[in-house]
Amino acid sequence: MTVTADTGLPAQAGPPADSGAGRDAFAPPRLAERAAELAARPGEWLHRVRLSPEGRWYERIHQDADHEIWVISWLPGQSTGFHDHGGSAGGFAVALGTLDEHRVHAGRRIAAGETRSFGPDYVHDVRNTSDAPAVSVHVYAPPLGGMRRFDVDAKGELVEVTAESAADW
Ligand SMILES: [Fe+2]
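Residues numbered from 1 in each chain as written. Predicted model: local features only at pLDDT ≥ 70, side-chain atom pairs only at ≥ 80, totals over all residues.

1. Some remarks on the overall build of the protein chain
Operational definition: Helix numbering and strand numbering both begin at the N terminus, where a helix is a DSSP run of H or I of at least 4 residues and a strand a DSSP run of E of at least 2. Partly exposed residues are those whose C-beta has more than 12 but fewer than 20 other C-beta atoms within 10 Å; with 20 or more the residue is buried, with 12 or fewer it is exposed, and the C-beta atoms are placed from the backbone. C-beta atoms are first placed from the backbone for all residues, and any pair lying within 7 Å is then listed as a contact.
From N to C terminus, the protein chain includes two helices and eleven strands. Listed by position from the N terminus, the elements making up the protein chain come as α-α-β-β-β-β-β-β-β-β-β-β-β. Residues classed as buried in the protein chain amount to 25% of the 169 residues present. For the protein chain, long-range pairs separated by at least 24 residues make up 69% of all intrachain contacts whose partners lie at least 6 apart in sequence.

2. Notes on the sheet that holds strand β6 (residues 106–111)
Defined as follows: In this scheme, strands are said to pair when DSSP sees at least two bridges between them. All axes here are fitted lines through C-alpha atoms, helices being fitted over the stretch that makes contact, and every angle between N-to-C directions spans 0 to 180 degrees.
With antiparallel pairing, the three strands of this open sheet are ordered in space as β6-β5-β8. Of all strands in the sheet, those bounded by a partner on one side alone are β6 and β8 (125–127). Strand-to-strand twist of the sheet, defined as the mean angle between neighbouring strand axes without regard to direction, takes the value 20°. In this structure, strand β5 (residues 98–103) lies alongside β8, joined through three bridges in antiparallel fashion. Residue pairing for β8: H102 is matched across the bridge by D125.

3. Some thoughts on the pairing of strand β4 (residues 89–96)
Along β4, seven of the eight residues are buried, which leaves the element largely enclosed by surrounding structure. Note: β4 against strand β9 (residues 134–141), seven bridges, orientation antiparallel. Its bridge partner lying in β9, A93 is registered against V137. Pairing between β4 and strand β7 (residues 115–118): four bridges, direction antiparallel. Bridge pairing in β7 links A93 to T115.

4. Looking at the nonpolar core
As a reminder of what qualifies: We define a nonpolar core as a collection of buried residues of the types Ala, Val, Leu, Ile, Met, Phe, Trp, Tyr and Cys that are connected via C-beta atoms lying within 7 Å of each other.
Judged by nonpolar contacts, the single largest core of 25 residues is most densely connected at L31, A35, A39, A93, A95, V137 and V139. Looking at this core, the elements with two or more residues in it are α2 (28–39), β2 (68–74), β4 and β9. With six residues, β9 is the largest single contributor of residues to this core. Leaving out residues up to four positions away in the same chain, A93 has contacts with A32, A35, A36, A39, T115, S136 and V137.

5. Here's the deal with α2
Quick reminder: α-helices carry 3.6 residues per turn. Residues three or four places apart thus point the same way. The condition that has to hold: Expected span, for any helix, means 1.5 Å times one less than how many residues it has.
Taking 1.5 Å of rise per residue, twelve residues should cover 16 Å, and α2 covers 16 Å from first to last C-alpha, within 8% of that figure. The secondary structure elements touched by the buried residues of α2 are β2, β4, β7 and β9.

6. Brief notes about the environment of T162
Mapped onto the elements of the fold, T162 is located in strand β11 (residues 158–165). Considering only alpha carbons, one finds T162 and M147, 15 residues apart in sequence, at a separation of 8.4 Å.

7. Remarks on the sheet that holds β9
With antiparallel pairing, five strands are arranged side by side in an open sheet as β1-β2-β9-β4-β7. Strand pairing shows two members of the sheet lacking a second neighbour, β1 (57–63) and β7, which therefore form its edges. Here the average twist between neighbouring strands, direction ignored, is 20°. Here α2 sits on the sheet in contact with β2, β4, β7 and β9, set at roughly 25° to β4.

Next up, the structure:
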């Protein structure tokens, strides 16, 4: 009997071809899509939402090695201040109400059902300037490891004021 290389044994499994799917799953637009998908299913998170006059309410509803998901509520006037995301990319969707996203020289309104996504160097200030509560769903990849907070000086430049670690949350 001749033993050949193809005696019926399954082909040796090598590393899967890199189709890019692993990376694409956490590309910023996909993070926003995932946020929107969850925002459209309030039955999965609405019972957890609190509204707090002390400040934005937030709860992490999922975390694994690749990404995490937060739900945030905003009463009128509540805002994040300018911040980065510690090198994480992200996407968020407004589920209820309306939020304003400010960058140093620009801003936009994000209504329920709309999304934003951003890469790892993004700085913004998200505010509820409406007269009604708002709720948003946020997806970050990788999970947030820290966050820097900024003021804007008289020249319109961002000035770092604090740095927080995820351990602080
Ligand atoms: Fe943010």
